[in-house]
Amino acid sequence: MKELFANSLNAKLEKISGKSSKNIKRRLNRAVAAALLDVLCTLPQRKLTEQKAAYFSAEFLPGSFVTGSLANLGLEDICAEVLKRKGYSTDFFSELADPALGNGGLGRLASCLLDSAAAVNLPLDGYGIRYKYGIFKQSIKDNEQTETVDLWQEDCPFEKENRDETVRVCFGDCTVLAVPFDLPIASKTRINRLRLWQCEAENPVDFSAFCSGDICAAFKDKNLAECISGFLYPPDNTESGKALRLMQQYFFTAASLASILNDFKKTGRSISDLAEFIKIQLNDTHPTVAIPELLRLLTEDYGMDFDDALTLCGEIFSYTNHTVMAEALECWSVSLFSKVLPNVYPYIVMLNNHMKNSLKAHTQLKEILIIKNHTIHMANMAVYVSHKVNGVAKIHSEIIKASVFDSFYSLTPQKFLNVTNGIAHRRWLCLANKGLEQFANKRIGTEWRDDLPQLSKIKQFNSPADLEELLKIKYENKRALSNYLKSSFNLSLDPDFMFSVQIKRIHEYKRQLLNILGVLGLYLDLKNNELKDFHPTAFIFSGKAAPGYYNAKQIIKLINSVAELIEKDQTAKKYFKVLFIPDYNVKNAMKIIPAADLSEQLSTAGTEASGTGNMKLALNGAPTIGTLDGANIEIVDYAGMENNYIFGAKSEELEALKSYDPMDIYYTNDRISRVVDLLKQGPCGDFTALFNSLLFGDYNPADRYKVLLDYPSYMSARKRANEDYKSPALYAEKMLMNIAAASHFSADSTVKNYNEKIWKLGSF
Ligand code: 26Q
């Protein structure tokens, strides 16, 4: 395979003349993609009649398909070699746009699972939307986030438009076309597929039939079909925005079901066998409208009676919950839903009635109904119908049984299970951190590439020479990150500083505010001559705030303002650096993660479902400073408490906390009050909104996420980490233990778990 690839790539590179020709990066990327496609032609081709699982997701964050495929096929080294011989480096890969068709964790997980399914030879296809504009591109101006559109399609040469498999999707009397664009997800043994749907108008579409007033006005001069696959998460603070979101969800799930049923027809089997052909995993509540749509198709097009159709749907669907935040569980008003999807709404009513009839005796029926107060609760529908419901880390799966879905749990405990998340280690280690990959290869061979648990053997290699080599690799990665930041953003970063890294969406529950208040605390210590023997530290942040989320945007502004304050202070800048790396995305993550010395996982216990960045950072040797939340708990179980910096209240303690008044802390703890006071017209500007949210509350209670409560223990954990970092050999041993521990978090194992516990597809 390597030879074929090398020959094909060589031939393609011949045709590219001159290194400075226009668009050279895109042309090189296309050449590598074309050579990969030549290789794919020689692999076993997919059979549309085979049994499979389908992953329905509103988000996918695949990163570069070209590099992902190279990693999956083990071709990244030969590719680099061929390019090098022709005088090209592989740097261009990271300069092209990623398909950023998602917000964060949930979308990246979807892509990791697809990559791994191909690798472990499981037939799993992804289905989603080919958004024209992915998540916005972030830049920082005057310390604040600015958003611009992101055009990714030109940089993604792998897509194949399959217009002949176009299907129709109806919204009431209006029809649009769903055109599939397919991306191969390949390994040496199988080619799976990510199918992304693009919405197009068949005829000029007149949506006035069901779009009344506000909704219609908003789309008046626009091509509504284009809007449907236009934007990821249109703002949903207006009726028209909400309608568009619902249309998107229905658009891609209805198109996917139509296409799956078209494939099924080719098998010639009876419709009653459908559950043996397809299992559908609902990635959170966003694709849940697939349930009433399939009920509609089975009863109206295939003549099944409602109860049989419901049984079949139960066998086909399962649902993964990714968040405990009540506000993230999708709800629709009956009036909007019935207007946008008049043909589907009756099936929701039928489901609701079915629930009422079959659960008459259940005392908590009212709570778990699908329709309550003229509102449709999609999560209740997903749990009621699905045969399995899973959380994404042990603690999260316990929380959904005990609180979010407690009534359902008492009713059908056998439905609930845990499937801890995992990561595509071939991307997050083999591709992103060549130095560490070789460190492992030299010691334990290469089998771990296809069997990550074997990487745990690495922990015995803890001699002084081994540890020194590990530190050297980390240092090189830090240097590489510093160089990248200099050349791409003109940011300076000294690799001798300790790199403390918090990279994730900006959200109050993730508590970037705790981190930056902690930096201000250290700054005050320095000013008061109380900072003793502190190893200089760079506090590195990266992440996007939702465009309409005011407090999250204020947090970004605060981080950048503190960065400026420190930069201007000749003494402070010797000890601290605050760095906000703009535009967090897969390719930036691949540069930041291998360079991290410390992984900041600060969510209030009980709020982060799992986290996957925590796993990537551990796999790259960064100990965690974090709370006992999400998968941090499992990481620490494997790596040992003594090799991480755990702090803060536990979720049971917070649960038991009867009342919490941050004012009590503010008035009794001088250190805290002095830091918090800096937010009010302090040296870094006016952050009264954050000050008020901590002490008085806004539309949420004061300090909803217990920043002040956990501040003292966070600061002492920081101190321990800084102290340990000063002894390189001691710290390197902790790094090694975390790398070994992360061997438990391969998405290969996760996807195998989904299959063993939920889909139960046959052997291949
Ligand atoms: C819901 C309703 C209305 C509008 C938007 C939404 C919405 C959109 C996106 C709700 C949730 C999301 C995304 C959630 C997400 O990314 N969750 C993350 O999933 C990861 C993979 O399981 C976990 O590791 C993270 O802990 C979790 O936060």
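Scroll up a little and you will see the structure.
Here we summarise the structure given alongside this text. (Residues numbered from 1 in each chain as written. Predicted model: local features only at pLDDT ≥ 70, side-chain atom pairs only at ≥ 80, totals over all residues. Heavy atoms only, no water.)

1. Some details on the overall build of the protein chain
1) Next: From N to C terminus, the protein chain includes 33 helices and 21 strands.
2) Next: Since a compact globule built from 764 residues should have a radius of gyration of about 27 Å, the 26 Å found for the protein chain is in line with a globular shape.
3) Next: Dimensions along the principal axes, computed over C-alpha positions, put the protein chain at roughly 80 × 65 × 50 Å.
4) Next: Scored against the burial criterion, the 764 residues of the protein chain give a buried share of 62%.
5) Next: Of the accessible surface of the protein chain, which amounts to about 29,100 Å², a share of 51% is contributed by carbon and sulfur atoms.
6) Next: Charge centroids of the protein chain, computed over 89 positive and 90 negative side chains, lie 4 Å from each other. (Helix = DSSP H or I, 4+ residues; strand = E, 2+ residues; numbered from the N terminus. Rg over C-alpha atoms; globule rule 2.2 N^0.38 Å. Buried < 20%, exposed > 50% of the residue type's maximum accessible area, 1.4 Å probe, protein only. Areas by Shrake-Rupley, 256 points an atom, 1.4 Å probe, with all protein chains shown as cover. Lys, Arg positive; Asp, Glu negative; His and termini not counted. Charge placed at Lys NZ, Arg CZ, Asp CG, Glu CD.)

2. Brief notes about the sheet that holds strand E13 (residues 375-377)
1) Next: Taking strand neighbours across the sheet as the criterion, the 3 strands line up as E11-E13-E12 in an open arrangement whose pairing is antiparallel. The two strands at the open ends of the sheet, each matched to only one other strand, are strand E11 (331-333) and strand E12 (371-372).
2) Next: Its contacts with the sheet place helix H15 (residues 378-385) against E11, E12 and E13, and it is angled at close to 45 degrees to E13. (Pairing = 2+ DSSP bridges. Contact = heavy atoms within 4.5 Å. Axes fitted to C-alpha atoms, helices over the stretch in contact; angles between N-to-C directions.)

3. Here's the deal with the site of the ligand
1) Next: Around the ligand, the structure places 20 residues, and the nearest of them are His322, Asn421, Glu608, Ser610 and Gly611.
2) Next: The side chain of Asn421 places a nitrogen or oxygen atom 2.9 Å from an oxygen atom of the ligand.
3) Next: Contact with the protein chains covers 88% of the free accessible surface of the ligand, which is 620 Å².
4) Next: Ranked by residues supplied to the shell around the ligand, first place goes to helix H5 (residues 105-119) with 3 residues.
5) Next: Considering only residue class, the shell around the ligand consists of 7 nonpolar, 7 polar and 6 charged. (Near = heavy atom within 4 Å. Polar contact = N/O pair within 3.5 Å; in protein donor to acceptor, adjacent residues only side chain to side chain. Nonpolar A, V, L, I, M, F, W, Y, C, P; charged D, E, K, R; others polar.)

4. Quick word on helix H4 (residues 76-85)
1) Next: Buried within H4 we find Glu76, Ile78, Cys79, Val82 and Leu83. Along the axis of H4, the buried positions cluster into a sector of 165 degrees, meaning they face one direction only. Exposed positions of H4 whose direction lies more than 90 degrees from the buried face are Lys84 and Arg85.
2) Next: For H4, the elements touching its buried residues are helix H1 (2-14), helix H2 (24-41), helix H3 (65-73), helix H18 (425-431) and helix H19 (434-444).
3) Next: Positive phi shows up at Gly87, right after H4, with a value of about 90 degrees. (Arc of directions from axis to C-beta.)

5. Looking at the packing of H19 against helix H20 (residues 464-489)
1) Next: Put simply, H19 and H20 touch, their axes get as near as 9 Å, and they point 160 degrees apart. Overall, the two elements H19 and H20 adopt an arrangement that is roughly antiparallel. With respect to the hand of their crossing, H19 and H20 are arranged in right-handed fashion. The residues of H20 that touch H19, namely those facing Gly435, Leu436, Phe439, Lys442 and Arg443, are Asp466, Glu469, Leu470 and Ile473. (Parallel < 35°, antiparallel > 145°, perpendicular 65-115°, else oblique. Left-handed = near helix turned anticlockwise from the far one by under 90°.)

6. Some points on the packing of aromatic side chains
1) Next: Overall, the coordinates contain 21 aromatic pairs when judged by the stated rule.
2) Next: Considering the side-chain rings of Tyr725 and Tyr731, the 5.0 Å spacing of their centres and the 80 degrees angle between planes classify their relative orientation as edge-to-face.
3) Next: On the basis of relative accessibility, which here comes to 1%, the residue Tyr731 falls in the buried class.
4) Next: Chaining the aromatic ring pairs together yields one cluster made of Tyr666, Tyr667, Phe691 and Phe696.
5) Next: Its guanidinium or amino end placed over the ring of Phe181, Arg130 lies 3.8 Å from that ring's centre, counting from NZ or CZ.
6) Next: One residue, Lys478, lies across the ring of Phe499, its end atom 4.6 Å from the ring centre. (Phe/Tyr/Trp six-rings, centres within 6.5 Å; stacked < 30°, edge-to-face > 60°. Lys NZ or Arg CZ within 6 Å of the ring centre and 35° of its normal.)

7. As for empty space enclosed by the protein
1) Next: Summed over all chains, the structure comprises 9 cavities of 30 Å³ or more.
2) Next: Approximately 140 Å³ is the volume attributed to the largest cavity.
3) Next: If you go around the largest cavity, you meet 14 residues; those closest to its centre are Glu508, Ser693, Asp703, Arg704 and Tyr705.
4) Next: The greatest single-element share of the lining of the largest cavity, amounting to 3 residues, is contributed by helix H30 (residues 688-695).
5) Next: Within the lining of the largest cavity, the residues separate by chemical class into 7 nonpolar, 2 polar and 5 charged. (1 Å grid on protein atoms, 1.4 Å probe; cavity = no way out; pocket = protein on both sides within 12 Å on 5 of 7 lines; lining within 4 Å. Points joined across faces, edges and corners; volume = space filled by probe spheres on them.)

8. Brief notes about the environment of Leu690
1) Next: On the secondary structure map, Leu690 appears in helix H30.
2) Next: Sequence separation between Leu690 and Glu564 is 126 residues, and the spatial gap between their C-alpha atoms is 19 Å.
3) Next: Not counting the four nearest positions on each side in its chain, Leu690 is found in contact with Leu513, Asn551, Gln554, Ile555, Leu558 and Leu679.

9. Structural notes on the pairing of strand E3 (residues 137-141)
1) Next: Note that E3 and strand E4 (residues 144-148) share 5 bridges and pair antiparallel. Its bridge partner being in E4, Lys137 is matched across the sheet by Thr148.
2) Next: Counting the residues in the hairpin turn of E3 and E4 gives 2 residues, including Asp142, whose phi is positive at 50 degrees.

10. Quick word on the nonpolar core
1) Next: Phe5, Leu274 and Phe337 are the most contacted members of the largest nonpolar core, which totals 266 residues.
2) Next: Looking at this core element by element, the count peaks at 13 residues for helix H8 (residues 239-267). (Core = buried A, V, L, I, M, F, W, Y, C linked by side-chain atoms within 4.5 Å.)

Distances and angles like these do not, on their own, reveal function.
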